[in-house]
Every structure is written in C-alpha cells, then in structure tokens.
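# Chains, contacts and geometry: an overview
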Amino acid sequence: MRSLPAIAGAAALSAALLLSGCADPHGLRVAGPAVSPSPPSGPAEVTDPVYVSDAARRPLQRPASFVLNDSVSLTGLRWVSWGDATAQATGGLSGVWCEPECEEQPYAVKVTLSGLLKPERRDQREQGAFYSRATLVSDRLPPDKAAELGRVSLHTPEF
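The following paragraphs examine the structure supplied in this document. (Residues numbered from 1 in each chain as written. Predicted model: local features only at pLDDT ≥ 70, side-chain atom pairs only at ≥ 80, totals over all residues. Heavy atoms only, no water.)

### Details of unusual backbone geometry
Glycine aside, a negative phi is what most residues show, and trans is what most peptide bonds show. Cis geometry is found at the peptide bond from glutamate 99 to proline 100, where omega equals 5 degrees. You can see proline 100 is positioned in the loop between β5 (87–94) and α2 (101–104). A positive phi angle, near 45 degrees, is found at arginine 62, a position not held by glycine. Counting through the fold element by element, arginine 62 comes out in the loop between β2 (59–60) and β3 (66–69). (Helix = DSSP H or I, 4+ residues; strand = E, 2+ residues; numbered from the N terminus.)

Below you can see the structure in the form of structure tokens.
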C-alpha cells in the first residue's frame, strides 16, 4: 500500500506537468481562428422586404389603404406589426356589399396577413417576401360575409 505522502507527491507532479504545457518550455499555445458564436435558434429572420399585393397586383409595404379584391377595400390601416410570419393592423372595411351603410363610415376591422412566401433568387435583383392570406374580423359583418372574409387568398407573384 502506498503512503499518503507518495500519492500527494505523484498528484502534484502530474498537475505540474499539465500546467507547464506538457513539457513545452513556452507553455500551452492556441492557434487558428476564434470560434464564432452559434446563430440563435428559432424561425429564420426575414431580411428581404415584405409586401402585400393589392387587387391590381402592385406590391405594397405597410399600406394605409388598399383594395383587397373586387368587393373589399381596406382604409385607415394602422399596422401594429409587419415583416414577421404575420402582420396585424386595424382600420376600416367597406365594399359594394355593405353600401350605403359603410360608404360614409367603414366597418371597424382587424386585419391579419399571413402565409409568408419567399421566392427563390433567380438573379441579383432585390426580391421580397409576400403575404398570401388575409383574415378580416369585424363585429359588424353579416355571418356569410364573416365566413367569406375569414380567409382570403391574396395575389402573389409567380414564383
């Protein structure tokens, strides 16, 4: 059986060799590029511009108003969010289906855009992502119109 002083001496000698850089007189050396931090996890960030297309297929960013389709117009939009997986706004809703009641005073509406589509880059021109769906919610909508506007497909470029 070994004595306690012999074990302590062996441990001290091992530690001294490790700390001295494994017998290298200059100590431990580190070479090469520094390690970069890992990117954050979670959904990929959209770095290109984000658009919604109106009925005329014009790309718009945070529009104050636009014609959604032949029978629905949105006005006075105030965007709470834009550019993420969803965009949200409040504003006014009108169309030929609610005239004359909503012609002067559009219905209050909550707008949610979703279904973000991003085309593949085919050349060096700047491209963007487009919302492909809209959900419109208003307390003043008749049930059949509420169901119709609960999920509206938007115009998107050909990808």
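This is not the end of the story, as more comes after the structure.
### Quick look at the pairing of β3
Bridge count between β3 and strand β4 (residues 72–81): 3 bridges; the pairing is antiparallel. The partner of phenylalanine 66 across the bridge, within β4, is leucine 74. Taking the residues that link successive antiparallel strands as the turn, the β3-β4 hairpin has 2 residues. (Pairing = 2+ DSSP bridges.)

### Here we look at the nonpolar core
Leu93, Leu113 and Leu136 are the most contacted members of the largest nonpolar core, which totals 27 residues. Of all the elements in the fold, those that place two or more residues in this core are β1 (50–53), β3, β4, β5, β6 (107–114) and β8 (133–137). Once you skip the residues sitting within four places of it in the chain, leucine 113 turns out to touch Val52, Trp79, Trp82, Ala85, Thr86, Ala87, Tyr131, Arg133, Ala134 and Leu154. (Core = buried A, V, L, I, M, F, W, Y, C linked by side-chain atoms within 4.5 Å. Buried < 20%, exposed > 50% of the residue type's maximum accessible area, 1.4 Å probe, protein only. Contact = heavy atoms within 4.5 Å.)

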